[in-house]
Amino acid sequence: MTQQHYDKLERMYLGANVNTQIFDTTTVRISERKAEIGLIVTEKYFHALGAMHGSVYFKLLDDAAFFAVNSIVTDAFVLTTSFNINLIRPVSSGKIKAIGQVRFESKNIYTAESTLYNEAGKEIAFGTGNFAKSKIGLTEEIGYK
């Protein structure tokens, strides 16, 4: 794997509409078999009880695991085929970080796990997912540049 590949994945991720328009404080760092996704928690992510909605937990955990897998797949976009999360504790402020890493790989199926931490370094959620190599090439048209 090369740093150029990781840099292109990072630009693709940060350039996606969901991150430029909704999750606009998102950060990403990708390396071989690993990805770290960060986000500053704000009230726009809260549910009625004043803490971050579970959908945001899911997004960060899935994204970290996904990009850990795509770090080792250099010719195609991968797809999430399943992802299970466990929510441990609520969060309502600070910067959070999901760290994903590849656990298993075969010809076309990959398994990765990720853990979400609050600003104090406490685990707030974790997840495991399965990913498949798609027929969609990593090209400039999808932001891989």
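For the structure, see preceding data.
Residues numbered from 1 in each chain as written. Predicted model: local features only at pLDDT ≥ 70, side-chain atom pairs only at ≥ 80, totals over all residues. Heavy atoms only, no water.

Turning to the overall build of the protein chain, a few remarks are in order. Looking only at helices and strands, the protein chain has three helices and six strands in total. Listing each helix as α and each strand as β along the protein chain from the N terminus yields α-α-β-β-α-β-β-β-β. Relative to its length of 145 residues, the protein chain is compact, with a C-alpha radius of gyration of 15 Å against a globular reference of 15 Å. Over its C-alpha atoms, taken along the principal directions, the protein chain stretches across nearly 45 × 30 × 25 Å. Taking all 145 residues of the protein chain together, 43% fall into the buried category. (Helix = DSSP H or I, 4+ residues; strand = E, 2+ residues; numbered from the N terminus. Rg over C-alpha atoms; globule rule 2.2 N^0.38 Å. Buried < 20%, exposed > 50% of the residue type's maximum accessible area, 1.4 Å probe, protein only.)

Judged by nonpolar contacts, the single largest core of 40 residues is most densely connected at Met52, Leu60, Phe67, Val69, Ile96, Leu116 and Phe131. Counting only elements with at least two residues in this core, the list comes to helix 1 (3–15), strand 1 (27–31), strand 2 (34–40), helix 3 (54–70), strand 3 (76–87), strand 4 (95–105), strand 5 (109–117) and strand 6 (123–137). Take this core: its biggest share by element is ten residues, from helix 3. If we skip the residues at most four places from it in the chain, Leu116 touches Met52, Tyr57, Leu60, Leu61, Ile96, Lys97, Ala98, Lys122, Glu123, Ile124 and Ala125. (Core = buried A, V, L, I, M, F, W, Y, C linked by side-chain atoms within 4.5 Å. Contact = heavy atoms within 4.5 Å.)

Another point: the pattern of salt bridges. One pass over the full model with this rule turns up eight salt bridges. For Asp63, the salt bridge goes to Lys59, with nearest N and O atoms at 2.5 Å. Residue Asp63 and its partner Lys59 are both found in helix 3; the two are separated by four residues, about one turn of the helix. For the pair Asp63 and Lys59, one class covers both residues: buried. The network of salt bridges with shared partners includes Arg29, Lys34, Glu36 and Lys97. (Salt bridge = Lys/Arg side-chain N within 4 Å of Asp/Glu carboxyl O.)

What follows is about the packing of aromatic side chains. Under the criterion given, the structure shown has seven aromatic pairs. Both rings, one in Phe58 and one in Phe83, keep their centres 5.7 Å apart while their planes meet at 90°; by these two values the pair is edge-to-face. You can see Phe58 sitting in helix 3 and its partner Phe83 sitting in strand 3, a full 25 residues away along the chain. For Phe58, a relative accessible area of 34% puts it in the partly exposed group. A relative accessible area of 12% means that Phe83 is categorised as buried. Relative to Phe67, the ring of Phe66 has its centre 4.7 Å away and its plane inclined at 70°; by these criteria the two rings are edge-to-face. Taking relative accessible area as the criterion, Phe66 reaches 8% and is therefore assigned buried. Through a chain of ring-to-ring contacts, three or more aromatic side chains come together here, namely Tyr13, Phe58, Phe66, Phe67, Phe77, Phe83 and Phe131. (Phe/Tyr/Trp six-rings, centres within 6.5 Å; stacked < 30°, edge-to-face > 60°.)

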